[in-house]
Amino acid sequence: MTRTFYLAGFTLAIAVLLSACTAAQSPVAALPPPTPTTASVFLLPNTSTPTTIPTATDVPVPTATAIPPTATPVPPTETPVPATPTPVPPTAVPLTPSPIPLATGTGPSWFDNTTVLGFYGRAFGVAPILGRLGGYQNFDNMAKDVDGWSTQVRAVNGGKPIVPELHLIYALAVPCAASDDCLLYLEGTDSNLVDDYIKPAAARGWLVFLDTQMGKSDPVTQVKRMIAKGYLQYDNVEVALDPEFHVYPGHDLPGIPIGTIEAAQVNDAQALLDAYVQSEHLAHRKILVIHQFGDKNVNDGVPFMIGHKENVKVYPNIDLVITADGLGSTDAKISKYNKMTDSMVYPFIQLRGLKIFPPNPYEHNGHIDVPLLTFRQIYGLDPTSGKQKVNVPPNLIIIN
């Protein structure tokens with residue numbers, strides 16, 4: 001497969017930078033909900049500490065095209081992954097911390113006997129070119145679309161309940177200035193994320209993922225910032241890291257070259273979150289998602305986005321999810337998903353995610369998955385035309 005199948009954000013072009021900013025200033029029409037069809041034919045439409053919170057609304061979104069550097073070849077492994085056992089159903093979402101402390105990771109997981117279904121984007125009514133979430137005006141508008149997608153997923157996931165999530169681009173990577181961290185935080189355009197997103201989501205039993213595109217910052221600094229802002233005290237708020245836009249020293253454009261983080265940084269972020277879950281007596285384990293489309297076990301010329309990934313550890317109060325990100329054909333996506341989430345190669349992996357790119361009426365440069373995966377293919381019920389088949393179905397599906 002060519003590496004062009006999995007370049008997640010680069011070819012969205014400089015034009016996207018400006019159009020996304022324009023969209024942030026005016027409401028947009030909601031995307032139409034998916035039309036239910038039979039599951040067999042339905043296609044998924046696809047370290048410096050920050051010192052200031054940007055307030056500008058006209059900062060361009062970075063999606064410039066880059067040529068990824070060549071990584072050191074490592075032979076891939078295609079060993080099938082054993083199925084993850086089904087645990088106990090999750091409890092309801094409290095808006096305040098539980099009074100019962102967790103000492104050894106005894107709290108339930110949001111993934112217990114459920115599928116988490118995410119909808120990616122900057123915010124409601126903002127830059128829909130960046131993801132489906134921007135096409136919704138509010139929670140009621142989004143809920144109609146969620147129902148259509150959930151019906152399709154339940155048809156192939158064994159009828160498990162669906163937990164929806166808003167996958168907010170909380171820290172958006174922007175071209176760097178001399179002394180900043182190259183990130184535009186969502187508080188710059190919405191100063192009340194708790195009342196506008198977190199509490200309404202919790203009232204519906206939904207999750208909110210705060211996704212950081214890293215910039216010149218690092219995982220621990222970003223998690224500390226979310227804690228300091230008070231967001232992670234809410235049991236339904238989770239964290240996602242996107243190494244793609246981690247800026248290297250000497251560069252000022254996020255994603256050029258493709259960014260990476262180290263396993264040690266992942267472990268440090270997990271340790272911080274693990275301690276926080278216990279100190280705040282949260283009812284559920286915290287979810288930490290890491291987006292990835294370059295991996296040592298794939299070895300297709302894309303940088304290994306988690307360096308020394310085999311050294312990532314398991315923490316008792318953290319649900320770590322490795323999510324296969326990026327654009328691609330069905331064969332490319334499934335092949336890379338299987339290799340990046342192979343627990344025979346990476347024993348720490350227990351939870352898996354897959355990001356899909358449906359057609360987007362606001363995006364006209366062909367940055368979608370072609371052909372599209374069907375839900376039956378995502379759940380390993382059908383192979384692709386190239387005979388690729390999912391080994392272990394994802395616990396998290398993110399719709400871009």
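Since this is a predicted model, take the numbers as computed values, not measurements. Numbers given to residues run from 1 along each chain, matching the order in which its sequence is written. Under the rules for a predicted model, residues below a pLDDT of 70 receive no local features and side-chain atom pairs below 80 are neither given nor counted, while totals for whole chains, interfaces and linings still include all residues. Values reported for side chains reflect all heavy atoms of the structure, with hydrogen atoms and water molecules removed beforehand.

Caption draft 1: Summary view of the nonpolar core. By convention a nonpolar core is built from buried Ala, Val, Leu, Ile, Met, Phe, Trp, Tyr and Cys residues, the set being connected through side-chain atoms within 4.5 Å. Using a 1.4 Å probe on the protein chains alone, a residue whose accessible area is under 20% of its type maximum counts as buried, one over 50% counts as exposed, and one in between counts as partly exposed. One finds Met 142, Leu 166 and Tyr 170 to be the most contacted residues of the largest nonpolar core, which totals 95 residues. No other element matches the nine residues that strand 2 (residues 162–173) contributes to this core. Any two residues having at least one pair of non-hydrogen atoms within 4.5 Å are treated as being in contact. Excluding residues within four positions of it along the chain, Leu 166 makes contact with Phe 119, Phe 124, Leu 133, Phe 139, Met 142, Tyr 197, Ala 201, Trp 206, Leu 207, Val 208 and Phe 209. For the purposes of this entry, the term helix denotes a DSSP run of H or I that reaches at least four residues, the term strand denotes a run of E that reaches at least two, and both are numbered from the N terminus.

Caption draft 2: Fine view of the environment of Ile 198. With respect to the helices and strands, Ile 198 occurs in helix 3 (residues 193–203). The exposure class of Ile 198 is buried, given its relative accessible area of 1%. It is 8.0 Å that separates the C-alpha atoms of Ile 198 and Tyr 231, two residues lying 33 residues apart in sequence. The contact partners of Ile 198, leaving out residues within four places of it in the chain, are Leu 193, Val 208, Tyr 231, Tyr 234, Asn 236 and Val 237.

Caption draft 3: Geometry of the packing of aromatic side chains. Only rings of Phe, Tyr and Trp enter the pairing, Trp through its six-membered ring, and a pair is recorded when the two centres are within 6.5 Å. The plane angle decides the type: under 30 degrees is stacked, over 60 is edge-to-face, the rest tilted. Taken as a whole, this structure holds eight aromatic pairs when the rule is applied. With a centroid separation of 5.9 Å and 45° between ring planes, the pair formed by Phe 139 and Trp 206 is classed as tilted. On the criterion of sequence distance, the pair formed by Phe 139 in helix 2 (residues 139–154) and Trp 206 in the loop between helix 3 and strand 4 (207–212) is long-range, its members being 67 residues apart. When its relative accessible area of 7% is taken as the criterion, Trp 206 is described as buried.

Caption draft 4: Fine view of the pattern of salt bridges. Throughout this description, the term salt bridge denotes a Lys or Arg side-chain nitrogen within 4 Å of a carboxyl oxygen of Asp or Glu. Throughout the structure, instances matching the rule amount to 11 salt bridges. With a shortest N-O distance of 2.7 Å, Arg 132 and Asp 145 are connected by a salt bridge. Taken together, the residues Arg 132 in the loop between strand 1 (115–121) and helix 2 and Asp 145 in helix 2 connect sequence positions 13 residues apart. For Asp 145, a relative accessible area of 1% translates into the label buried. Across the pair Asp 382 and Arg 376 runs a salt bridge, and its minimum N-O distance is 2.8 Å.

Caption draft 5: Structural detail: the state of the cysteines. Any pair of cysteine sulfurs within 2.5 Å is marked as a disulfide. Counting across every chain of the model gives one disulfide. At a sulfur-sulfur separation of 1.9 Å, the disulfide partner of Cys 176 is Cys 182. One quick way to see it: the torsion about the S-S bond of Cys 176 and Cys 182 is about 115°, and its sign makes the bridge right-handed.

Caption draft 6: Broad picture of the packing of helix 4 (residues 219–228) against helix 5 (residues 263–280). Every angle, taken between N-to-C directions, lies between 0 and 180 degrees, and every axis is a line fitted to C-alpha atoms, over only the stretch in contact when it is a helix. In the contact formed by helix 4 and helix 5, the axes pass within 8 Å of each other and the chain directions differ by 25°. Compared by their axis directions, helix 4 and helix 5 come out roughly parallel. Contacts between helix 4 and helix 5 involve Pro 219, Val 220, Val 223, Lys 224 and Ile 227 from the first element and Gln 265, Asp 268, Ala 269, Leu 272, Leu 273 and Tyr 276 from the second. Across the contact of helix 4 with helix 5, the residue classes tally to eight nonpolar, one polar and two charged. With respect to orientation, any angle under 35 degrees is reported as roughly parallel, any angle over 145 as roughly antiparallel, any angle of 65 to 115 as roughly perpendicular, and every other angle as oblique. Under this grouping Gly is polar, as are all residues other than the nonpolar Ala, Val, Leu, Ile, Met, Phe, Trp, Tyr, Cys and Pro and the charged Asp, Glu, Lys and Arg.

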